[in-house]
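An overview of the molecular structure
Chain by chain, the residues:
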Amino acid sequence: MKLWVNGGLHDAADARVSVLDHGLTVGDGIFETVKAVRGETFALTLHLERLTRSARGLGLPDPDLDEIRRACAAVLAANPMELGRLRITYTGGLSPLGSERGDAGPGLVVGLGATKRRPDSTAVITVPWTRNERGALVGLKTTSYAENVVALARAHEWGASEALFPNTVGELCEGTGSNVFVVLDGRIHTPPVSSGCLAGITRALAVEWTGAQETDLPLDILERADEVFLTSTLRDVQAVHRVDARELPGAPGPVTAKAMRLFDERAAADKDPRL
């Protein structure tokens, strides 16, 4: 495997960043995960736009998007595979051992790992921890992911692939790496960004392409929703067949199945969609 690290391609065994990189010491960094099919990215422009928004939210310099595109192309060419997870990581760079940033400039790493298409349905759990819809990092895709690591480990312990969070006022928010949708009386709903959830790229496309409504939803909506599904870069649209102990037989249900087909068709027709 070859990775792009701060200006050039390196073999994985030789790819290095400093142990004093702010992304490592304090989690001062942002990232994007982009789906790549046979070397072709999906929705790269939307991901790079969000990367810039996240950088501005953290107070990092705007990333050089031309350089990142070159880095992505180089990594994809150097690592041919059927289905890949292209990871773009942009950090605060070499800094003192504290919260203050140094003046060496940001760091950039682009890597690619092989993955497999997700199953059509999955199980999820809810967790007792909350998302802070008023926090400083709301809406930013940062490398401060330890909370998600803990919650996802809990999900795996219970035979699930995802954990869903409420926010501090008890509303349904998001998963560790996904957005959540529910179907009520044939209509699709998803929590608004004001709930504290990440403004997912796949989420936004699913809302536009399916006509889903952004709705404030109590967490216990999961106990009575007709259908539930998740969206993310590598899940696309994925049905949920179990929430905690509640089974949703027949998943994907008719509304979710239609959303899955529609997303696949629209994504195949336009590899770099705009919103």
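To start, this report covers the structure provided alongside it. These numbers were taken from a predicted model, which means no experiment stands behind them.

Quick look at the nonpolar core
Core analysis: the largest hydrophobic core is formed by 22 residues, its most contacted members being Ile68, Leu86, Ile88, Leu108 and Val110. Looking at this core, the elements with two or more residues in it are β3 (29-37), α2 (44-58), α3 (65-78), β5 (83-91) and β6 (107-114). Residue contacts for Leu86: discarding those within four places in its chain leaves Glu32, Thr33, Val34, Thr41, Cys72, Val75, Leu76, Val110, Gly111 and Leu112. Counting 18 residues, the second-largest nonpolar core is a separate cluster that includes Ala43, Phe181, Ala206 and Phe263.

Some points on α3
Here α3 spans 20 Å end to end across 14 residues, near enough to the 20 Å set by a 1.5 Å rise per residue. Among all positions in α3, only Ile68, Ala71, Cys72, Val75 and Leu76 are buried. Down the axis, α3 shows its buried residues gathered within 125° of arc, on one side only. Facing away from the buried side of α3 by more than 90 degrees, the exposed set consists of Asp66, Arg70 and Ala77. Taking the backbone nitrogen of Asp66 as reference, a side-chain oxygen 3.1 Å away marks Asp64 as the first, capping residue of α3.

Observations concerning the pattern of salt bridges
Overall, the coordinates contain 14 salt bridges when judged by the stated rule. Two residues, Arg38 and Glu82, come together in a salt bridge whose shortest N-O distance is 2.5 Å. Pair noted here: Arg38 is in the loop between β3 and β4 (40-41) and Glu82 is in the loop between α3 and β5, with a separation of 44 residues, a long-range link. In this pair, the class of Arg38 matches that of Glu82, namely exposed. Here Asp264 ties to Arg117 by a salt bridge, and the two come within 3.9 Å at their closest N and O atoms. Of this pair, Asp264 sits in helix α6 (residues 254-269) while Arg117 sits in the loop between β6 and β7 (121-126), placing them 147 residues apart in sequence. Taken together, the shared-partner salt bridges connect Arg131, Glu147 and Glu174 into one network.

Topic: the packing of aromatic side chains
Within the structure shown, the criterion is met by four aromatic pairs. A ring pair is formed by Phe42 and Phe263, whose centres lie 6.2 Å apart and whose planes are at 70°; its orientation type is edge-to-face. In this pair, Phe42 sits in the loop between β4 and α2 while Phe263 sits in helix α6, placing the two residues 221 residues apart along the sequence. Centroid distance Phe181 to Phe229: 4.8 Å. Interplanar angle 10°. Geometry classified as stacked. Highlighted residues: Phe181 in strand β10 (residues 179-184) and Phe229 in strand β13 (residues 227-232), separated in sequence by 48 residues. Judged by relative accessible area, Phe229 falls into the buried class, the value being 1%.

Brief notes about the pairing of strand β8 (residues 162-166)
In terms of burial, β8 is a largely internal element, five of the five residues being buried. The alternating pattern of β8 places Glu162, Leu164 and Pro166 on one face and Ala163 and Phe165 on the opposite face, and all of these are buried. Handedness of the crossover joining β7 and β8 through helix α4 (residues 146-157): right-handed. Bridge count between β8 and strand β9 (residues 172-175): three bridges; the pairing is antiparallel. Bridge assignment links Pro166 to a residue of β9, and that residue is Leu172.

Remarks on the sheet that holds β5
On the basis of which strands lie adjacent, the open sheet formed by six strands has the order β2-β1-β6-β5-β3-β4 and antiparallel pairing. Each edge of the open sheet is held by one strand with a lone partner, namely β2 (8-11) and β4. Here α2 sits on the sheet and contacts β3, β4 and β5; the angle it forms with β3, its principal contact strand, is near 175°.

Rules used throughout
- Residues numbered from 1 in each chain as written.
- Predicted model: local features only at pLDDT ≥ 70, side-chain atom pairs only at ≥ 80, totals over all residues.
- Heavy atoms only, no water.
- Core = buried A, V, L, I, M, F, W, Y, C linked by side-chain atoms within 4.5 Å.
- Buried < 20%, exposed > 50% of the residue type's maximum accessible area, 1.4 Å probe, protein only.
- Helix = DSSP H or I, 4+ residues; strand = E, 2+ residues; numbered from the N terminus.
- Contact = heavy atoms within 4.5 Å.
- Expected span 1.5 Å × (residues − 1).
- Arc of directions from axis to C-beta.
- Polar contact = N/O pair within 3.5 Å; in protein donor to acceptor, adjacent residues only side chain to side chain.
- Salt bridge = Lys/Arg side-chain N within 4 Å of Asp/Glu carboxyl O.
- Phe/Tyr/Trp six-rings, centres within 6.5 Å; stacked < 30°, edge-to-face > 60°.
- Right-handed = clockwise from strand over helix to strand, strands pointing away.
- Pairing = 2+ DSSP bridges.
- Axes fitted to C-alpha atoms, helices over the stretch in contact; angles between N-to-C directions.

Any link to function would need more than the numbers given here.
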